[in-house]
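# Structural overview
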Amino acid sequence: MDTVGNSELVRAAAAQLSPVLDTPGATLEKVLGCVDDAAAQGVDIIAFPETFLPYYPYFSFIEPAVSIGKKHLGLYEQAVVVPGPQTAALAQAARRHGMVIVAGVNERDHGTLYNTQLVFDADGTLVLKRRKITPTYHERMIWGQGDGSGLKVVPTRVGRLGALACWEHFNPLARFSLMTQHEQIHVAQFPGSMVGAVFADQMEVAIRQHALEAASFVINATGWLSEEQKAFIDPSGNFHKALSGGSCSAIVSPEGVHLADPLREGEGLVIADMDLALCTKRKRMMDSVGHYARPELLSLLIDSAPKSLSHDSNQPSDRSTDDDSRCDHHEPADTDQRTAVLRTASG
């Protein structure tokens, strides 16, 4: 969906929910119930928090690595396999309501877990599966790393959509890679209930800045922990402060304005109508990947090829393919295309 001048209203929802920590499968049922509630309010696209299915691994933030083995394995047991029964249930819900669903999941791929974002189009098709490229701090004990193949914007019934998780929003090149693909709607996901109010303040700055730079709408979904859940995660009570605050579910316009009051505590839906014509209104003044860009001075080099541990010796290697591509574009053979860098021209 591309719009120039004409109003194209899309009703969006950011879901701020608490996971069900003690009953396997119950978080998925909560998500499906929330989709039903949103559909009754005319929602066209809904976003859920980071790795909400089955739950964000809060335990890894407050416990040393040596003590989390059992809990880590428990997360493996409930993790989402793609495709699998949980993705089938999400696809069915999207198809039934004609709604785009963006879900954050702990994805299990054989022996490794990944922080994964799934985008289901309104017909139930899984149009994007992307993995967080660099898990943050304690998360590196839990998840593997994604690659550049997920840094892409996909067409959906509600518009051109991209997504990043949490502190990926502090990686300007990752954000710029989506901007160059003319993102209209950006989905941000954070865990919520961590670090305190400063975390919520920082994420609000990040999502509003991205909205302004990308001239896109941003739907931000964060989780939230009740006092009972904090006690479940940390029976000692020593780290309840570390498991509080840090929630800011919101919907922001391309002009950096909140379209509804952000939700910082409790469960609920933030719902707002997004007029996609505002993307063009913003870009008329400042298009970071168009008339306001200087590609002869600054450009992004990104390796978007999926990575594999095995290669067929009868097929061209990734390296030779890269070399051929460089020759086609008259680029130096020693340019490293496996790393996203800013290329600068000095005068």
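Description of the structure in this document. (Residues numbered from 1 in each chain as written. Predicted model: local features only at pLDDT ≥ 70, side-chain atom pairs only at ≥ 80, totals over all residues. Heavy atoms only, no water.)

### Notes on the pairing of strand 7 (residues 159-165)
By the criterion of burial, strand 7 is predominantly enclosed, with six of the seven residues buried. By the bridge criterion, three bridges tie strand 6 (residues 154-156) to strand 7 in an arrangement that is antiparallel. Along strand 7, the bridge assignment pairs Val-154 with Leu-161. In this antiparallel pair of consecutive strands, strand 6 and strand 7, the connection spans two residues. Sheet topology note: the strand 7/strand 8 (residues 185-190) ladder contains five bridges and is parallel. The partner of Ala-163 across the bridge, within strand 8, is Val-187. Following the chain from strand 7 across helix 5 (residues 172-179) to the adjacent parallel strand 8, one finds a crossover that is right-handed. (Buried < 20%, exposed > 50% of the residue type's maximum accessible area, 1.4 Å probe, protein only. Helix = DSSP H or I, 4+ residues; strand = E, 2+ residues; numbered from the N terminus. Pairing = 2+ DSSP bridges. Right-handed = clockwise from strand over helix to strand, strands pointing away.)

### Describing the nonpolar core
Of all hydrophobic cores here, the largest spans 29 residues; its most connected members are Tyr-58, Phe-190, Ile-207 and Ile-233. Elements that contribute at least two residues to this core include exactly helix 2 (59-62), helix 3 (69-78), strand 8, helix 6 (197-214) and strand 10 (250-252). Sorting elements by how many residues they give to this core places helix 6 first, with five residues. Within the second largest apolar cluster, 27 residues are counted, among which are Leu-28, Ala-38, Leu-53 and Ala-94. (Core = buried A, V, L, I, M, F, W, Y, C linked by side-chain atoms within 4.5 Å.)

### Some words on the packing of helix 1 (residues 26-40) against helix 4 (residues 85-97)
When two helices pack together, their arrangement is captured by the angle between the axes and the distance separating the axes. Close contact between helix 1 and helix 4 brings their axes to 10 Å; oriented N to C, the two are set at 5 degrees. Considered as vectors, helix 1 and helix 4 are oriented roughly parallel to each other. Contacts between helix 1 and helix 4 involve Leu-28, Val-31, Leu-32, Val-35, Asp-36 and Ala-39 from the former and Gln-86, Ala-89, Leu-90, Ala-93, Arg-96 and His-97 from the latter. Residues of the contact of helix 1 with helix 4, tallied by class, amount to eight nonpolar, two polar and two charged. (Axes fitted to C-alpha atoms, helices over the stretch in contact; angles between N-to-C directions. Parallel < 35°, antiparallel > 145°, perpendicular 65-115°, else oblique. Contact = heavy atoms within 4.5 Å. Nonpolar A, V, L, I, M, F, W, Y, C, P; charged D, E, K, R; others polar.)

### Let's talk about unusual backbone geometry
Looking along the chain, the bond that leaves Leu-53 and enters Pro-54 is cis, with omega of -5 degrees. At the junction of Val-82 and Pro-83, the peptide bond is cis and its omega measures out at -5 degrees in the coordinates. Relative to the helices and strands, Pro-83 is located in the loop between helix 3 and helix 4. With a phi angle near 40 degrees, Thr-51 is a residue other than glycine that sits in the positive phi range. Inspection of the secondary structure puts Thr-51 in the loop between strand 2 (45-47) and helix 2. Even without glycine at this site, His-110 takes up a positive phi of about 60 degrees.

### Points about the environment of Pro-49
Inspection of the secondary structure puts Pro-49 in the loop between strand 2 and helix 2. Taking the C-alpha atoms as reference, Pro-49 lies 7.9 Å from Gly-192; in sequence the two are 143 residues apart. When sequence neighbours within four positions are dropped, the list of residues in contact with Pro-49 reads Ala-15, Gly-104, Gln-189, Phe-190, Ala-221, Thr-222 and Gly-223.

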